[in-house]
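As a plain string of letters, each chain reads:
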Amino acid sequence: MILFKLASQLQQFIQQQRAQSKIVGFVPTMGALHQGHISLINKSKTQCDVTVCSIFVNPTQFNDAKDFEKYPVTIEQDIYMLEMAKCDVLFLPSVEEIYPNEIAKNKQYDLGFIETVFEGAYRPGHFNGVCMVVERLLHIVNPNQLFLGQKDYQQCIVIKRLVELMKAEIEVVICPTSREENGLAMSSRNKRLSDEMKDRAKIIYQSFNKIKKDIAANNAAELVITAKESLLQNGFDKIDYLSLANAKTLAPIALWDGNTQLVILVAAFTEGVRLIDNMVLN
Ligand code: PAF
């Protein structure tokens, strides 16, 4: 694996690859890698000639300074995992490399409705920060394909919108959420959970599966209330949201018409850790 710390050197390398008609796949990450990330690398390797992974804990997307400070950094293990997965390139930039000046750090994106709900509502400025870093990374890496995990469902929609706004010819490939054996969605934040809670947190996946199995037009609201209760009885102490939404627009849905494609989305706290997950239901 080749490691680049400088944008200019990576750009030069990519130019050479693309001049040889190589297909470049890109997996942006904030490190603390787990099998979910590796599944994105694997997917890229099946579809692309060159796979680039970036590790950059992006300060502009943390609306909570404490969350940023607590974000796990495991760079040596990350490099080992990427080597094992035969990732071709790792981009490991400094903050200065990504945000060389104040203008780069203050760009505003018009994301419309999607920014006003769920993560957008609870983490003001978060998606703007995601767009800033992803736009910059896409300029540097100039990939043909971009691989994202469905676990960050709303982020996937936001980044698709960003790619449209950029008028970039990049295919956005959304990959299924990787889960632990008990169904807990893999996340770098799980590293901060006790073993007991890692086990109990399977309640999210179980509740989603129950909703998926039972949902009908006349019981949707009731099922959501029951799911909330189950989380609160199983070690979660605060729920930012647990809600049905239109799977395409993310407009929240209280009364389901029985037809619209639905996604269920959750953000909930346990042991001071905020977990998110989702499932497309029909
Ligand atoms: O999903 C993440 O890890 C981050 O939001 C991303 C896409 C790497 C941007 O910092």
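Here goes a summary of the coordinates provided. Not measured: the values here are computed from a predicted model.

Now for the site of the ligand. Around the ligand, the structure places Pro28, Thr29, Met30, Gln61, Val133, Asp152 and Gln155. Contact distances for the ligand include 2.6 Å between an oxygen atom and a side-chain N or O atom of Gln61. Between an oxygen atom of the ligand and a side-chain N or O atom of Gln155, the distance comes to 2.7 Å. In isolation the ligand has 290 Å² of accessible area, and contact with the protein removes 89% of it. For the shell around the ligand, the class distribution of residues is three nonpolar, three polar and one charged.

Tallied over the entire structure, the rule returns six aromatic pairs. Ring centres 5.4 Å apart and planes at 45 degrees place the aromatic pair Phe4 and Phe13 in the tilted group. Each member of the pair, Phe4 as well as Phe13, carries the same accessibility label: buried. Taking 6.3 Å as the distance between ring centres and 55 degrees as the angle between the ring planes, the aromatic pair formed by Phe56 and Tyr99 counts as tilted. Here the residue Phe56 occupies a position in the loop between β3 (50-55) and α3 (65-70), and Tyr99 occupies one in the loop between α5 (95-98) and α6 (102-105), the gap between them amounting to 43 residues. The same class applies to Phe56 and to Tyr99, which are both buried. Among the aromatic residues, those joined into a cluster by ring pairs are Phe62, Phe68 and Tyr71.

Once that is clear, we can look at the nonpolar core. Leu10, Val52, Phe91, Ile98, Leu146, Leu250 and Leu265 are the most contacted members of the largest nonpolar core, which has 47 residues in total. Leave out the neighbours within four places in its chain, and Val52 touches Ile14, Val24, Gly25, Phe26, Val27, Val89 and Val141. Among the nonpolar cores identified, the runner-up in size contains 27 residues, and Leu184, Phe236, Trp256 and Leu281 belong to it.

On to helix α2 (residues 35-47). When the terminal C-alpha atoms of α2 are compared, their 18 Å separation across 13 residues agrees well with the 18 Å that a helix rising 1.5 Å per residue should span. Gly36, His37, Ile38, Leu40, Ile41 and Ser44 are the residues of α2 that are buried. Of the surrounding secondary structure, the elements contacted by the buried residues of α2 are β2 (24-29), β3, α4 (75-84), β5 (145-149) and β6 (171-175).

Two side chains bearing opposite charge may form a pair once their charged atoms approach each other closely. This structure, assessed with the given rule, holds 15 salt bridges. The partner of Asp214 in a salt bridge is Lys213, and the shortest N-O contact between them spans 3.4 Å. Given the relative accessible area of 25%, Asp214 is considered partly exposed. One network of salt bridges, with partners in common, ties together Asp67, Glu119, Arg123, Arg189, Arg192, Lys238, Asp240 and Arg274.

Before going further, it helps to examine the side chain of Thr270. Structurally, the position occupied by Thr270 is in strand β8 (residues 262-270). Side-chain polar atoms of Thr270 contact the backbone oxygen of Gly235, separated by 2.8 Å. The residues contacting Thr270, other than those within four sequence positions of it, are Leu193, Met197, Gly235, Phe236, Asp237 and Leu275.

Now for the packing of helix α8 (residues 126-141) against helix α9 (residues 153-165). At a closest axis distance of 10 Å, the pairing of α8 and α9 adopts a crossing angle of 50 degrees. Classed by the angle they form, the pair α8 and α9 counts as oblique. α9 is crossed by α8, and the crossing has right-handed handedness. Residue-level contacts link Phe127, Val130, Cys131, Val134, Glu135 and Leu138 of α8 to Gln154, Gln155, Val158, Ile159, Leu162 and Val163 of α9. Residue classes in the contact of α8 with α9 are distributed as nine nonpolar, two polar and one charged.

Here the focus is the sheet that holds β2. A sheet is described by the order of its strands in space; here six strands give the open sequence β1-β4-β3-β2-β5-β6, paired in parallel fashion. Each of the sheet's edge strands pairs with one partner strand only, and the pair in question is β1 (2-4) and β6. The sheet shows a mean angle of 25 degrees between the axes of neighbouring strands, taken without regard to direction. Where β2 and β5 come together, two bridges link them in parallel fashion. Each bridged residue has a counterpart across the sheet, and for Gly25 the counterpart in β5 is Gln145.

Here is what the cut-offs are and how they apply
- Residues numbered from 1 in each chain as written.
- Predicted model: local features only at pLDDT ≥ 70, side-chain atom pairs only at ≥ 80, totals over all residues.
- Heavy atoms only, no water.
- Near = heavy atom within 4 Å.
- Polar contact = N/O pair within 3.5 Å; in protein donor to acceptor, adjacent residues only side chain to side chain.
- Areas by Shrake-Rupley, 256 points an atom, 1.4 Å probe, with all protein chains shown as cover.
- Nonpolar A, V, L, I, M, F, W, Y, C, P; charged D, E, K, R; others polar.
- Phe/Tyr/Trp six-rings, centres within 6.5 Å; stacked < 30°, edge-to-face > 60°.
- Buried < 20%, exposed > 50% of the residue type's maximum accessible area, 1.4 Å probe, protein only.
- Helix = DSSP H or I, 4+ residues; strand = E, 2+ residues; numbered from the N terminus.
- Core = buried A, V, L, I, M, F, W, Y, C linked by side-chain atoms within 4.5 Å.
- Contact = heavy atoms within 4.5 Å.
- Expected span 1.5 Å × (residues − 1).
- Salt bridge = Lys/Arg side-chain N within 4 Å of Asp/Glu carboxyl O.
- Axes fitted to C-alpha atoms, helices over the stretch in contact; angles between N-to-C directions.
- Parallel < 35°, antiparallel > 145°, perpendicular 65-115°, else oblique.
- Left-handed = near helix turned anticlockwise from the far one by under 90°.
- Pairing = 2+ DSSP bridges.

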